[in-house]
Amino acid sequence: MITSFYMITFLASLVLSLIYLYKWHKHYEVNITLIFTIIPIANMGYLLQSSAKDEGSYIIATKVVYLGGCFLIFFITMCVFRLCGIIVKRWVRTSLFLICLAIYGSVLTIGYNSLFYKNMFFQRNESGIVVAKTYGPMHTVFYVIIALFFLCGLGTLIYSLALQRQISKTILHLLILPEVITLIGYVGYHMFSKHIEITPLAYNLAQVVYLLIIKRMSLYNVNNTVIDSMVQTGETGFVSIDFKHRYLGSNETAKNILPELRSLRVDQYIDEYEGLTGNILHWLTHFESDNDQSKNLYVKRCPENEDNDEVFIVSISYIFVGNKKRGYQIFLNDDTKNQKYIALMDKYNDELEEEVAEKTDQILEMHNNLILSMAVVVESRDNSTGGHVKRTSDGVKILMQEIMKDNKFNLSEEFCKDIIKAAPMHDLGKIAVDDAILRKPGRFTDEEFEIMKKHAAEGARIVHEILEETDDESFKVIAENVAHYHHERIDGSGYPEGLKGDEIPLEARIMAIADVYDALVSKRVYKESMPFDKANAIIMEGMGTQFDKKLEEYYIKARPKLEEYYSSIE
């Protein structure tokens, strides 16, 4: 009868441990695994005790029984600490385990000395061997340690129930049961029965409770359930590589993204696999060299239709085993929809920028045409035969082409374009000069010339007002300078400010040559056009006095083109 009871509890413990093994997950608390490992061993000890035929067999069975007695309470208490979020320092854990180990060491002396059992009296009867025991000092220590472990575990549970908010109350309530059940099992033999140990049954009940705990614990462990869900749903690809670039494994999603992984064996060096050097090895190299901050985009091409290309964000982090870095974890997240949206927005922005640029160019063209029209209106009031505005603009352009060839003045292309665009505005100030003076066919009197000279400053004022709202600050400055200073002379005898030398802006010095040259070689109502040779002699004579000597070489180089141009428009 007694042996049958122990056989049933032993088999029950095996079945419950097999159920745990079936349900086992790598994220389960290790102490629970050790509990399910030790209980069948301890219950087997009780079965061996009940069927022992001699003293030696009984003593061996007793030592097996105490594997559970000495270590189960330790693992149960450590489990309570871990599930309640109490961090036990390593040295404390080790010390407690060594105490349990020392007690079990004393158990192993049974039959040799009186450290754990002082005396054991064996008597055989019809039901088997009956043993009377006298306990030694270490047995007392054994009970004290069990009581202390029980109090620590129970105190932790009460504390967690009262104060911890991030731990399931259901699990806390369930954790109390193994504590109480185990304690009852230890003392039950002395309190309830002198013929049969109820500890094996208590162990079975504790196993049942722990199976309920792991069922609930799997749901409450958010970190693990999230990770498992991510792996199972296949939304993220995972590839593991160690620090020596050896392949450790990947999930099915990663293999679908990178089919080369299917032909890669575990522990193979990816450096040796050509199909992965352009992606995985490239990503790891970036990660290792970019201060551990690395994200990449991987495009999986579709040969049949590029619209079906898939885009993945590649991120990398370290694999930790405990607190130690052991390798790399590569994450592949599908970002196709987002990237296509970004591409669509970029395309829209590009089209919008092109449209804005086109409209801006149209506005600028209208603006420039308006200025040119004003210049032509002003010119029509003058006593020239017309075309002075266009001819001087073309003359400036020819001069600038020669100046930019060696570019000793370090001028920008923007400057070159701006001075050509500003040339038509140089005489806008004449709009403020009276027609009687402006259209006079002969020479001006001194008084008339003084009035005429005012057109330079007036022109700068008009240009400033016209361009005041423009964002092109460089063009505004050049246009004002051309209108204001194109009658200044290098020797300081010009007007309106009497500037000399480099005080005169370069754009005005260039404009002066083109303006005077046109005046010389063009026909006016009061004079015929001057021959090119004579006009050239006047220009060359003015170099260093009226015109900038530094521009002489460019005028000389431009002269053939100037004469060709003016010959073509006669």
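The coordinates are above.
Source: prediction; values computed, not measured.

S.K.: Any chance you could break down the overall build of the chain for me, citing the residues and the numbers?
M.R.: Helix and strand counts for the chain stand at 20 helices and seven strands. Counting over 570 residues, the chain shows a buried share of 44%. A total accessible area of about 31400 Å² is found for the chain, and carbon and sulfur atoms account for 58% of it.

S.K.: Please provide a residue-by-residue account of unusual backbone geometry, values included.
M.R.: Residue Pro-496 is reached from Tyr-495 by a cis peptide bond, and omega for that bond is 10°. In this structure, Pro-496 sits in the loop between helix H17 (473–485) and helix H18 (506–521). Non-glycine residue Asn-407 carries a positive phi angle of around 50°. By the secondary structure assignment, Asn-407 is in the loop between helix H13 (388–406) and helix H14 (413–422). Positive phi is not limited to glycine here, since Asn-410 has a value of about 55°. Mapped onto the elements, Asn-410 comes out in the loop between H13 and H14. By relative accessible area, Asn-410 is classed as exposed at 69%.

S.K.: Let's hear about the environment of Tyr-554: which residues, and what values?
M.R.: Summarising the element assignment, Tyr-554 is placed in helix H20 (residues 552–568). We classify Tyr-554 as buried; its relative accessible area is 1%. When the C-alpha positions of Tyr-554 and Glu-402 are compared, they lie 5.7 Å apart, and in sequence the two are 152 residues distant. Once residues lying within four places of it in the same chain are set aside, the contact partners of Tyr-554 are Leu-399, Glu-402, Ile-403, Asp-406, Lys-408 and Phe-409. Within polar-contact distance, the side chain of Tyr-554 engages the side chain of Asp-406 at 2.9 Å.

S.K.: How would you explain a negative patch on the surface if you had to name every residue and give the values?
M.R.: A surface patch of like charges, here negative, comprises Asp-346, Asp-350, Glu-351, Glu-353, Glu-354, Glu-355 and Glu-358. Tracing the sequence through the fold places Glu-358 in helix H12 (residues 336–381). For Glu-358, a relative accessible area of 47% translates into the label partly exposed.

S.K.: So, the pairing of strand E4 (residues 247–250): which residues are in play, and what are the values?
M.R.: Both strand E3 (residues 236–242) and E4 contribute to a ladder of three bridges, which runs antiparallel. Each residue of the ladder has a partner; that of Ile-241, found in E4, is Tyr-247. In sequence, E3 turns back onto E4 through a hairpin of four residues, with His-245 there showing a positive phi of about 65°.

S.K.: An account of a positive patch on the surface is requested, with residue identities and associated values reported.
M.R.: Positive charge collects at one region of the surface, where Arg-90, Arg-93, Lys-324 and Arg-326 lie side by side. Every element with two or more residues in the positive patch is listed here: helix H4 (90–107) and strand E7 (324–334). In this structure, Lys-324 sits in strand E7. Of the residues examined, Lys-324 reaches a relative accessible area of 54% and is grouped as exposed.

S.K.: Explain a nonpolar patch on the surface to me, and be specific about the residues and the numbers.
M.R.: Residues Tyr-341, Ile-342, Met-345, Tyr-348, Leu-352 and Val-356 make up a contiguous nonpolar surface patch of about 550 Å² in total accessible area. Looking at where Leu-352 falls in the secondary structure, it is placed in helix H12.

S.K.: Run through H18, naming residues and quoting values.
M.R.: Structural remark: α-helix, 3.6 residues per turn; residues separated by three or four positions point the same way. End to end, H18 covers 23 Å across 16 residues, agreeing with the expected 22 Å (1.5 Å per residue, within 8%). Taken across its 16 residues, H18 has 14 buried, putting it largely inside the fold.

S.K.: Describe the environment of Ala-508, with residues and values.
M.R.: With respect to the helices and strands, Ala-508 occurs in helix H18. On the basis of relative accessibility, which here comes to 1%, the residue Ala-508 falls in the buried class. Considering only alpha carbons, one finds Ala-508 and His-486, 22 residues apart in sequence, at a separation of 4.6 Å.

S.K.: Tell me about the environment of Tyr-104, and please be specific about residues and values.
M.R.: Position of Tyr-104 relative to the elements: it lies in helix H4. Judged by relative accessible area, which is 12%, Tyr-104 ranks as buried. Once the C-alpha coordinates of Tyr-104 and Phe-142 are considered, the two residues, 38 residues apart in sequence, prove to be 8.9 Å apart. Once you skip the residues sitting within four places of it in the chain, Tyr-104 turns out to touch Lys-63, Val-64, Tyr-66, Leu-67, Cys-70 and Phe-71.

S.K.: Any chance you could break down the pattern of salt bridges for me, citing the residues and the numbers?
M.R.: Applying the stated rule across the entire model yields 21 salt bridges. Note that Arg-461 and Glu-465 form a salt bridge whose closest N and O atoms lie 2.8 Å from each other. In this pair, Arg-461 and Glu-465 are both assigned in helix H16 (residues 446–466), four residues apart and thus about one turn of the helix distant. Overall, the relative accessible area of 39% leaves Arg-461 in the partly exposed class. The exposure class of Glu-465 is partly exposed, given its relative accessible area of 49%. Ionic pairing is found between Lys-549 and Glu-552, a salt bridge with its closest N-O pair at 2.6 Å. For Glu-552, a relative accessible area of 14% translates into the label buried. One salt-bridge network, held together by shared partners, links Asp-502, Arg-509, Asp-548 and Lys-550.

What counts and what doesn't
- Residues numbered from 1 in each chain as written.
- Predicted model: local features only at pLDDT ≥ 70, side-chain atom pairs only at ≥ 80, totals over all residues.
- Heavy atoms only, no water.
- Helix = DSSP H or I, 4+ residues; strand = E, 2+ residues; numbered from the N terminus.
- Buried < 20%, exposed > 50% of the residue type's maximum accessible area, 1.4 Å probe, protein only.
- Areas by Shrake-Rupley, 256 points an atom, 1.4 Å probe, with all protein chains shown as cover.
- Contact = heavy atoms within 4.5 Å.
- Polar contact = N/O pair within 3.5 Å; in protein donor to acceptor, adjacent residues only side chain to side chain.
- Patch = residues over 30% accessible without salt bridge, like charges linked within 9 Å, V, L, I, M, F, W, Y side chains within 5 Å.
- Salt bridge = Lys/Arg side-chain N within 4 Å of Asp/Glu carboxyl O.
- Lys, Arg positive; Asp, Glu negative; His and termini not counted.
- Charge placed at Lys NZ, Arg CZ, Asp CG, Glu CD.
- Pairing = 2+ DSSP bridges.
- Expected span 1.5 Å × (residues − 1).

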